[in-house]
Amino acid sequence: MRIIDLLKSDAIDLNVSVSSKSEAINKMIELHKKAGNLADAEIYKKAILAREEQGTTAIGEGIAVPHAKSDSVKAPGLSAITVPAGVDYGAPDGKPSDILFMIAAPMDGDLHLEILSRLMVMLMEPEFCNALRGAKTPEEFLSIIDKKEAEKYPDEVKNEAPKKEGYRILAVTACPTGIAHTYMAAEALEKAGEKMGYPLKAETNGSGGAKNILTKKEIEECDGIIIAADKNVKMARFDGKPVVKASVSTGINKPEELIQKIVDGRAAVYHADGSQQEAVDDDEKEGFGHRLYKHLMNGVSHMLPFVVGGGVMIALGFLIDTLAGNANVGGNFGQTNPVASVIFWIGKAAFSFMLPILAGYIAQSIADRPGLLPGIVGGYLATTGATLSSPTGDDSAVSGFLGALLAGFIAGIIVELLKKAFNWLPKSMDGIKPVFIYPLLGTALIGVFMLLINPIVGLVNTALSNGLSSLGETSRLLLSIVLAAMMATDMGGPFNKAAYVFGTAAIADGNTWIMAAVMIGGMVPPIAIALSTTFNKKKWTKEEIKNGPVNYLMGLCFITEGAIPYAASDPLRVIPSCMVGSAVAGAITSLFGCACPAPHGGIFTFAVVEHPLGYLIALAAGSVAGALMLALLKKTRKEEVNV
């Protein structure tokens, strides 16, 4: 086994400053731990110290190679440091050691002796040691070792399999909205791959469609694929390849772990026909709740363009009618001025597809393409309130958002059951089942189901809508605070999405004050962080201060995800601060009676908000409150900040 197979870049630290032998040992053990070589660092340290008690492992001429065998070693490995000032390691020649390697070996075999012997052969050459001392990066350090090892052991290099060209690992990232998380995960994975020496290409399934698409050749030649997504992605193309599945947040926060699973061969092979085990990340087994969430988010992500596009156009219709002096025309508001009417009804048309699309893509997520038609039909029937006695629709039986949710999940389950029921048909019928049998029977069954269930869900939906409309000032205030705070809780995660979906559903029922609290709650966190990085620099790193101003724009555009990197670095202080700021903003929107008919757009929709001045005050007050909380909770950084 070659040295470069055991020594990774993240187990190398160059030009470190240690004042004692004990400090040097701790540093190298920490590097082993970082590289994932140890199951228990303390037990391994005892083995190292026991070996040192038998006699120093310093060789002389500035070299020391501490080593030990231990049950605590998960994988054999090396760590290495260079110490320009040297450290007293008890060398026989009395000289300080400035190049130190530490060997971690399992109990079985004598691997440590083999590696020790190989290192000694190479370290006997002063030119080689001087080159290691002069290395500027871990990659250069490894390159020097690789070159010398190839020179000393040429037969091993000849027998090595040729290194693969192109991307070793591929990835697909996707979040429900396809705005920020998708691209953050892709960037984190690509950077981690570059750092670890495994070229990685990430396909992003964002709101503008798939970008950087993986080619058939790349998929065939790669070692494995990482799926970091909170909605379903096209998987059939990965048939027969090792696949690791994880949430998009894991792709952002733990990219090295995901890559390492592919490298270590711990990824299960994915089979598109579902007859064999599907790959699932070992640390993130998909439970029922997570699968439910992914199906829901698949529907939400496809619904959002209809909600945003249609909602903003409806709001523009209101704005144009207001500017034309028709704000008090009652039920025809938004339709009185000819231009306003055209824009309003185009927006209405787009908005009317919201619930059928939601249901259709939930069903597709569960049952693949055959579930799309039954889901859309079920969602449409939820909007019309169709019943057995009134198939064309009954206003009192409109089940709305709740009915569409139910239609999507039931339609998907129905089609999945149909697949099992018709599994006995011969292979020759495989082509006709997904385009005829499943859609036909699935649509008929979901249709009958919705005709039966609409009256019941319609009553619940009507009661909920009436209840929200009739809430007193205290109840509205409390709900506004809770929803706004939820937007800042996980900034694009389940709580954030739950609040947003609730807000968009409420717009359809005319409760636009809910969306006002939801949107302001999502705008505050990035702006609060931007204010803090601008006026309270001592709390942040140079990199955080440099990137802070971008959050002004992201907050104003209602892109809450701009706050994620800051929250991830200090969640226990940043998240509560942002929640307080958002809650303050939500409370003020309620006190001023603000309402927002547009489901997205941030500051660009303020013109159509009821009581826009109060809305601006809420945004400013919430952002300042969040920044003040950050000033109170975040610790001052010890190092001097020069910007």
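Residues numbered from 1 in each chain as written. Predicted model: local features only at pLDDT ≥ 70, side-chain atom pairs only at ≥ 80, totals over all residues. Heavy atoms only, no water.

A positive phi angle, close to 70°, is found at aspartate 368, a residue other than glycine. Note on placement: aspartate 368 falls in the loop between helix H14 (354-367) and helix H15 (372-384). Even without being a glycine, histidine 611 presents a positive backbone phi close to 60°. Locating histidine 611 in the fold gives a position in the loop between helix H24 (571-592) and helix H25 (612-633). You can call histidine 611 partly exposed: its relative accessible area is 46%. (Helix = DSSP H or I, 4+ residues; strand = E, 2+ residues; numbered from the N terminus. Buried < 20%, exposed > 50% of the residue type's maximum accessible area, 1.4 Å probe, protein only.)

Our next topic: the packing of H24 against H25. Remark: H24 packs on H25, axes separated minimally by 7 Å, with the N-to-C direction vectors making an angle of 155°. In terms of orientation, H24 lies roughly antiparallel with respect to H25. As for how H24 packs across H25, the hand of that crossing is right-handed. For the pair formed by H24 and H25, the contact residues are Arg573, Val574, Pro576, Ser577, Val580, Gly581, Val584, Ala585, Ile588, Thr589 and Phe592 on the first element and Gly614, Tyr615, Ile617, Ala618, Ala621, Gly622, Ala625, Gly626, Met629, Leu630 and Leu633 on the second. Partitioning the contact of H24 with H25 into residue classes produces 15 nonpolar, six polar and one charged. (Axes fitted to C-alpha atoms, helices over the stretch in contact; angles between N-to-C directions. Parallel < 35°, antiparallel > 145°, perpendicular 65-115°, else oblique. Left-handed = near helix turned anticlockwise from the far one by under 90°. Contact = heavy atoms within 4.5 Å. Nonpolar A, V, L, I, M, F, W, Y, C, P; charged D, E, K, R; others polar.)

Attention now goes to the packing of aromatic side chains. A complete count under the given rule lists six aromatic pairs for this structure. The interplanar angle of 40° and the centroid separation of 6.0 Å between the aromatic rings of phenylalanine 101 and phenylalanine 141 together place this pair among those described as tilted. Of this pair, phenylalanine 101 sits in strand E6 (residues 97-105) while phenylalanine 141 sits in helix H6 (residues 138-152), placing them 40 residues apart in sequence. Residue classification places phenylalanine 101 among the buried residues on the basis of a relative accessible area of 1%. For phenylalanine 141, a relative accessible area of 0% corresponds to the buried category. Here the guanidinium or amino end of lysine 21 rests over the ring plane of tyrosine 89, the centre of that ring lying 4.8 Å away. Above the plane of the ring of tryptophan 540 lies lysine 634, whose end atom (NZ or CZ) is 4.6 Å from the centre. (Phe/Tyr/Trp six-rings, centres within 6.5 Å; stacked < 30°, edge-to-face > 60°. Lys NZ or Arg CZ within 6 Å of the ring centre and 35° of its normal.)

The biggest cluster of nonpolar side chains holds 73 residues, and the ones touching the most others in it are Leu358 and Tyr615. Among the elements that make up this core, the one with the highest residue count is helix H20 (residues 512-535) (twelve residues). Sequence-distant contacts of leucine 358, defined by excluding residues within four places in its chain, comprise Gly299, Val300, Met303, Phe401, Ala404 and Leu405. Core analysis: the next-biggest nonpolar cluster, separate from the first, contains 27 residues, Ala11, Ala80, Phe101 and Leu119 among them. (Core = buried A, V, L, I, M, F, W, Y, C linked by side-chain atoms within 4.5 Å.)

Spatial relationships are all this shows, so hold off on functional conclusions.
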